[in-house]
Amino acid sequence: MALLRSVVVGCGAYLPGNVVTNAALAERGIETSDEWIVQRTGIRQRHIAGPDETTSVLGTRAAQAALDEAGLSPADIDLVLCATSTPDYTFPSTATQIQAALGIEGGFAFDLQAVCAGFVYAVATADRFLSTGGAKRALVIGAETFSRLLDWEDRTTCVLFGDGAGAIVLEARENDASNRGVLTSCLRSDGRHRAKLYVDGGPGSTGTTGKLRMEGREVFRFAVGSVTDVIEEVFRASGTTADDLTWFVPHQANRRIIEASADKLGIAREKVVLTVDQHGNTSAASIPLALAAARRDGRIKPGDLVMIEAIGGGFTWGAALIRW
Ligand SMILES: CC(C)(COP(=O)(O)OP(=O)(O)OC[C@H]1O[C@@H](n2cnc3c(N)ncnc32)[C@H](O)[C@@H]1OP(=O)(O)O)[C@@H](O)C(=O)NCCC(=O)NCCS
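Residue numbering note: each chain is counted from 1, following its sequence as written. Note on the predicted model: pLDDT of at least 70 is required for a residue's local features to be given, and 80 or more for side-chain atom pairs to be given and counted; whole-chain, interface and lining totals, by contrast, use all residues. Side-chain metrics in this entry use all non-hydrogen atoms of the structure; hydrogen atoms and water are not considered.

Considering the sheet that holds strand S13 (residues 316–323)
Worth spelling out the cut-off: We treat two strands as partners when DSSP finds at least two bridges between them. Secondary structure elements are defined from DSSP: runs of H or I of at least 4 residues count as helices, runs of E of at least 2 residues count as strands, and each element is numbered from the N terminus. Simply put, an axis is a line fit to the C-alpha atoms, just over the touching stretch for a helix, and the angle between two N-to-C directions goes from 0 to 180 degrees. The contact criterion used is simple: two residues touch if any of their non-hydrogen atoms lie within 4.5 Å.
Spatially, S8-S13-S12-S11 is the arrangement adopted by the four strands of the open sheet, whose pairing is mixed. Every interior strand has two partners, whereas the edge strands, strand S8 (181–189) and strand S11 (247–250), have only one. Going from strand to strand, the sheet's axes swing by 10° on average, the running direction of each strand aside. Across the sheet, helix H11 (residues 286–296) is in contact with S11 and strand S12 (305–312); its angle to S12 comes to roughly 155°.

A look at the site of the ligand
Basically, it comes down to this: Any residue with a non-hydrogen atom lying within 4 Å of a molecule or strand is treated as near it. Pairs of N or O atoms within 3.5 Å make up the polar contacts considered here, provided that, within protein, one atom can donate a hydrogen while the other can accept it, and that residues adjacent in sequence are counted only when both atoms are side-chain atoms. The accessible surface values rely on the Shrake-Rupley method and a 1.4 Å probe; as for residues, cover is taken only from the protein chains in view. In this classification, Asp, Glu, Lys and Arg are treated as charged, Ala, Val, Leu, Ile, Met, Phe, Trp, Tyr, Cys and Pro as nonpolar, and every other residue, Gly included, as polar.
Surveying the vicinity of the ligand reveals 20 residues, the closest of which are Thr32, Arg40, Arg155, Arg217 and Asn254. Between the ligand and Gly216 there is a distance of 2.9 Å, counted from a nitrogen atom to a backbone nitrogen or oxygen. Protein chains bury 74% of the 970 Å² of accessible surface belonging to the ligand in isolation. Of all the elements in the fold, those that place two or more residues in the shell around the ligand are helix H2 (34–41), helix H6 (155–158) and helix H7 (216–225). The biggest single contributor to the shell around the ligand is H7, with four residues. For the shell around the ligand, the residue count by class is nine nonpolar, seven polar and four charged.

Describing the pattern of salt bridges
We count it as follows: Definition used for salt bridges: Asp or Glu carboxyl oxygen within 4 Å of a side-chain nitrogen of Lys or Arg. For the exposure calls, accessible area comes from a 1.4 Å probe over protein chains only, and a residue counts as buried if that area is under 20% of its type's maximum, exposed if over 50%, partly exposed in between.
Applying the stated criterion to the full structure yields 14 salt bridges. Between Arg137 and Glu171 there is a salt bridge, and its shortest N-O distance comes to 2.5 Å. Taken as a pair, Arg137 in strand S6 (residues 137–145) and Glu171 in strand S7 (residues 163–174) lie far apart in primary sequence, 34 residues in all. Comparing Arg137 with Glu171 shows no difference in burial state: the two are buried. Where Arg269 meets Glu259, a salt bridge forms, and the shortest distance between an N and an O atom there is 3.4 Å. Highlighted residues: Arg269 in the loop between helix H9 (255–265) and helix H10 (276–279) and Glu259 in helix H9, separated in sequence by ten residues.

Set out below in structure tokens:
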């Protein structure tokens, strides 16, 4: 039997209409400034969801946009995979809510939780189902309402995050000369780092949702120092180098982390897709939001070699190489 590849056939995004600039945060009484936030993180603004814009609402709109680009209808989908740490409910999963909202009655849907690395984990997971015949077409979604987890009294964290959703449609196709699809992926985690980035509540501990807590400097150090191992492994496994990449689409947490990682790996700055200035850190949504932005403005084209990479709480981290 010919090798099955998970080929990207559609990509879409959705952002809440409410845009909050750094200056607007300072005007609301948070002791910060546009200058401090831009200099430390590159963030200029973020989108914040309204009360009715739950994670599944954002995810459904992004999924519909991805289906539209693919020219497919919801009935063509047999796997809905949603990466999120901000589900509408403890259960049922946000993915099943999106499945229902799209009117999909067949197949299966589930959430995947790897915080900011969630989308990379979801791509790797969907690829396993598609490449082994377990599903034919997958909606892989990253959707978050991180604003709901923020302690707005804590200026060291509340200025960093935003809300949004992005999605891709992956289709199982027999490999051909174009060599399109998810070529390889590498996932890692190390739970000893829990206290550096976590939410101080949950259904099994406090019975509350909790708020995000972070040791920013420790996260920064780990992100720049350690997570390039997964990218090097993906290069090794695929027989490619930094020079072969068309685009590097990393998790959008901090411009300084992104540029330091690219420099360390020898990836030219002009190949880096940056949206952190516009969206802030939208956790699992940040990579598909960046992919959709680069698709929309014509940068990413079929045949391009695209590396995605992320690190999140846990720590969890991973990378995947996609021939678009
Ligand atoms: C959070 C982060 C931007 C902080 O930058 P930093 O250079 O490490 O700053 P520090 O935490 O050392 O704080 C420096 C000073 O700025 C102050 N400060 C913190 N947040 C501020 C804010 N929003 N506005 C203004 N000043 C702020 C601090 O209180 C501190 O003041 P002090 O020197 O008087 O004590 C940085 O550590 C970072 O980006 N970490 C990675 C976070 C991340 O990306 N997490 C998600 C990963 S998925």
